[in-house]
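Summary of the model geometry
Residues per chain are reported as follows:
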Amino acid sequence: MSPPQIFDPAARARARDRAAPGFAEHDFLRAYMLEGVADRLAGVKRVFRDVLDLGCFDGAFVAPEGARVARLDAGFGFARASGGVQGREDALPFADGAFDLIVSAGVLDSVNDLPGALALARRALRPDGLFLAAFLGAGSLATLRAALREAEGDRPAARLHPQIDVRAGGDLLARAGFALPVADGETLTVRYRDLWRLLGDLRGMAAGNVMPGRVPLRRETLARLAASFQAHADAEGRVTERFEIVFLTGWSPSPDQPQPARRGSATASLAAALRPGNKAVNL
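So, here is what we can say about the structure in this document. (Residues numbered from 1 in each chain as written. Predicted model: local features only at pLDDT ≥ 70, side-chain atom pairs only at ≥ 80, totals over all residues. Heavy atoms only, no water.)

1. What about the packing of helix H5 (residues 142-152) against helix H8 (residues 219-230)?
As a packed pair, H5 and H8 sit with axes 8 Å apart at the nearest point and diverge in direction by 135°. It follows from the interaxial angle that H5 and H8 lie oblique. For the pair H5 and H8, the sense of crossing is right-handed. In this structure, H5 contributes Thr143, Leu144, Ala147, Leu148, Glu150, Ala151 and Glu152 to the contact, and H8 contributes Thr221, Arg224, Leu225, Ser228 and Phe229. By residue class, the composition of the contact of H5 with H8 is 6 nonpolar, 3 polar and 3 charged. (Axes fitted to C-alpha atoms, helices over the stretch in contact; angles between N-to-C directions. Helix = DSSP H or I, 4+ residues; strand = E, 2+ residues; numbered from the N terminus. Parallel < 35°, antiparallel > 145°, perpendicular 65-115°, else oblique. Left-handed = near helix turned anticlockwise from the far one by under 90°. Contact = heavy atoms within 4.5 Å. Nonpolar A, V, L, I, M, F, W, Y, C, P; charged D, E, K, R; others polar.)

As structure tokens, this is what we get:
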């Protein structure tokens, strides 16, 4: 059975092509994600030889020294500029076991078949290969969502993408077959002088609405939206918007990885550990 078409792949590719020429002026969110990915990668003490930058944008991800890098993007402009290939994250054109590291920053929140994309990423990894991803998660753009509800009344159109929270992200990693799955979140807040600057950033980073059946905002609704958004301004006239970023870390299964302890193998009881006066115990 085909996955539901939450996003329009053709519209998504066009949005990325429109964003490509001026992306450097709106790349702060992906730069933040890449910094978080780099921090997590720095804690891994091993050598990576073959790396996939999945959803590469302008190719700003810097691979570990000495590694070969393949890049893929859903937009032709980004793929061409980064020396990569154009393709979908849920239809990877790579052989199983081609990479020992896959990094993805800023794209998985708009993939139709995210479970399938994660499963394909795991298959493209060699045993004990590492997958690191970051994307916008649940709770993002809370101010814009509130302003849209106020501007459109009782029957708002679907304009902002559905979002995944940290817990669901971890569940998806496990479902895709990753070992040692970890999901965590960070919050980035940005203060905007008006609605137009926020909308410009969303278009400029290819994060606009790419769902099927998009309905343009009418002029009077857009005016109400701008006023509702500005009503959230602080004393300096700035509106705070929140970007919730979900980070995922998982490993391709390997017999050499640490394994959970056998059920019933503990040498002390949890009840004993929780009694008053017990500070620590090895279970």
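2. Quick notes on the nonpolar core
Ile102, Leu108, Phe131, Leu144 and Phe243 are the most contacted members of the largest nonpolar core, which totals 69 residues. Per-element tally for this core: the top contributor is strand E5 (residues 125-136), with 8 residues. With residues up to four places along the chain from it excluded, the contact list for Leu144 reads Leu160, Leu195, Leu198, Leu202, Leu225, Phe229 and Glu241. By size, the runner-up hydrophobic cluster in this structure holds 5 residues, among which are Ala11, Ala15, Val210 and Met211. (Core = buried A, V, L, I, M, F, W, Y, C linked by side-chain atoms within 4.5 Å. Buried < 20%, exposed > 50% of the residue type's maximum accessible area, 1.4 Å probe, protein only.)

3. Digging into the packing of aromatic side chains
Following the criterion strictly, the structure yields 6 aromatic pairs and no others. Between Phe23 and Phe57, the aromatic rings sit 4.9 Å apart at their centres with planes inclined by 20°, giving stacked as the arrangement. Of the two residues, Phe23 is situated in the loop between helix H1 (9-19) and helix H2 (28-42) and Phe57 in the loop between strand E1 (50-54) and strand E2 (68-73); the sequence distance between them amounts to 34 residues. Take Phe23 and Phe57: they sit in the same class, and that class is buried. (Phe/Tyr/Trp six-rings, centres within 6.5 Å; stacked < 30°, edge-to-face > 60°.)

4. Thoughts on unusual backbone geometry
Backbone geometry at Phe57 places phi at a positive 50°, although glycine is not the residue there. Here Asp128, not a glycine, exhibits a phi torsion of approximately 65°, which is positive. Summarising the element assignment, Asp128 is placed in strand E5.

5. Details of the environment of Leu101
Looking at the secondary structure, you find Leu101 in strand E4 (residues 99-105). Spatially, the C-alpha atom of Leu101 lies 7.9 Å from that of Leu132, the residues being 31 residues apart in sequence. Setting aside residues up to four positions removed in sequence, Leu101 forms contacts with Leu41, Phe48, Asp50, Val51, Leu52, Pro64, Leu125, Leu130 and Leu132.

6. Concerning the side chain of Asp90
Topologically, Asp90 is positioned in the loop between strand E3 (85-86) and E4. Polar contacts involving the side chain of Asp90 include one to the side chain of Arg88, which spans 2.9 Å. A polar contact of 3.3 Å, which involves the side chain of Asp90, links it to the backbone nitrogen of Asp113. With sequence-adjacent residues up to four places away left out, Asp90 is seen in contact with Val111, Asn112, Asp113, Ala117 and Leu120. (Polar contact = N/O pair within 3.5 Å; in protein donor to acceptor, adjacent residues only side chain to side chain.)

7. Things to note about the environment of Asp53
Among the secondary structure elements, Asp53 is positioned in strand E1. A C-alpha to C-alpha distance of 4.7 Å links Asp53 and Arg71, two positions 18 residues apart in sequence. Not counting the four nearest positions on each side in its chain, Asp53 is found in contact with Arg30, Gly59, Phe61, Val69, Ala70, Arg71, Leu72 and Val103. Of note is the side chain of Asp53, whose polar atom sits 3.4 Å from the side chain of Arg30.

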